[in-house]
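A structural walkthrough
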Amino acid sequence: MASWLPETLFEIVGQGPAPSKDYYQLLITRSQIIFRWWKISLRSEFRSAKPGETKETHEDFLENSHLQVQVALIFGARILDYVFNLCEGKFDYLERLSDKLLIKIICYLDLEDIARLAQTSSRFAKGFSVTALAVLDHCPTKCFILKYRKSSSSVVLYKTIDACL
């Protein structure tokens, strides 16, 4: 089932914790983890510093506590947990579905389940994070127009249409 996953599973970039200005990239592919860094400094002893790169297999990363600490310090504990899950083969398939396919699946859910999905998934939370309307217009039997209330972090029904065009 993982064969339809893209080669790059996850990528994040960021700056090191203050006062560092160093720049980091973490790239997770199907077979390895690539950790890159760029030293940013005005000090003369670091001017000739070249970018660095470490490549490890998923299994090696799970045993490399030094690299795990680096990832946690730079990107946070939540990212480290997510990387652990990817290395252990726990993929978030729902997050990777195309919008068109996802909308077809959502059409079969009740409104309460759609609201719960929006609260539990970062992809759906982003989709509803603006007060703009999200129209699910590919349903064969029904359409919902949902609004996200930022103040209460809840998704509410704005309008229901019996059949979509």
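Residues numbered from 1 in each chain as written. Predicted model: local features only at pLDDT ≥ 70, side-chain atom pairs only at ≥ 80, totals over all residues. Heavy atoms only, no water.

1. With respect to the overall build of the chain
- Across its full length, the chain holds seven helices and seven strands.
- Taken from N to C terminus, the helices and strands of the chain fall in the order β-β-β-β-α-α-α-α-α-α-α-β-β-β.
- The long-range fraction of contacts in the chain, counting pairs at least 24 apart against all pairs at least 6 apart in sequence, stands at 38%.
- In the form shown here, the chain has an accessible surface area of approximately 10700 Å², with 55% of it arising from carbon and sulfur atoms. (Helix = DSSP H or I, 4+ residues; strand = E, 2+ residues; numbered from the N terminus. Contact = heavy atoms within 4.5 Å. Areas by Shrake-Rupley, 256 points an atom, 1.4 Å probe, with all protein chains shown as cover.)

2. Quick notes on the nonpolar core
- Leu 26, Ile 28, Phe 35, Phe 61, Val 71, Phe 75 and Val 83 are the most contacted members of the largest nonpolar core, which has 19 residues in total.
- Of all the secondary-structure elements, those providing two or more residues to this core are β1 (8-15), β2 (23-29), β3 (32-38), α2 (65-75) and α3 (77-87).
- The biggest single contributor to this core is α3, with six residues.
- Formed by five residues, the second largest nonpolar core is a distinct cluster that contains Leu 97, Leu 102, Ile 114 and Leu 117. (Core = buried A, V, L, I, M, F, W, Y, C linked by side-chain atoms within 4.5 Å. Buried < 20%, exposed > 50% of the residue type's maximum accessible area, 1.4 Å probe, protein only.)

3. Some remarks on the confidence of the model for the chain
- Of all residues in the chain, 67% attain a pLDDT of 70 or more, and the chain-wide mean is 75.
- The secondary structure element of the chain with the lowest average pLDDT is strand β5 (residues 134-135), at 42, and the one with the highest is helix α1 (residues 58-63), at 96.
- Scored below 50 in pLDDT, residues 128-138 shows 32 contacts in the model against residues more than four places distant or in partner chains. (pLDDT = per-residue confidence, 0-100.)

4. Quick notes on the pattern of salt bridges
- Under the counting rule described, the total for this entry stands at five salt bridges.
- Between Lys 39 and Asp 22 there is a salt bridge, with the nearest N and O atoms lying 3.2 Å from each other. Here Lys 39, found in the loop between β3 and β4 (52-57), pairs with Asp 22, found in the loop between β1 and β2; they are 17 residues apart in sequence, far enough to count as distant.
- Judged by its relative accessible area of 36%, Lys 39 falls in the partly exposed class.
- Residue classification places Asp 22 among the buried positions, given a relative accessible area of 8%. (Salt bridge = Lys/Arg side-chain N within 4 Å of Asp/Glu carboxyl O.)

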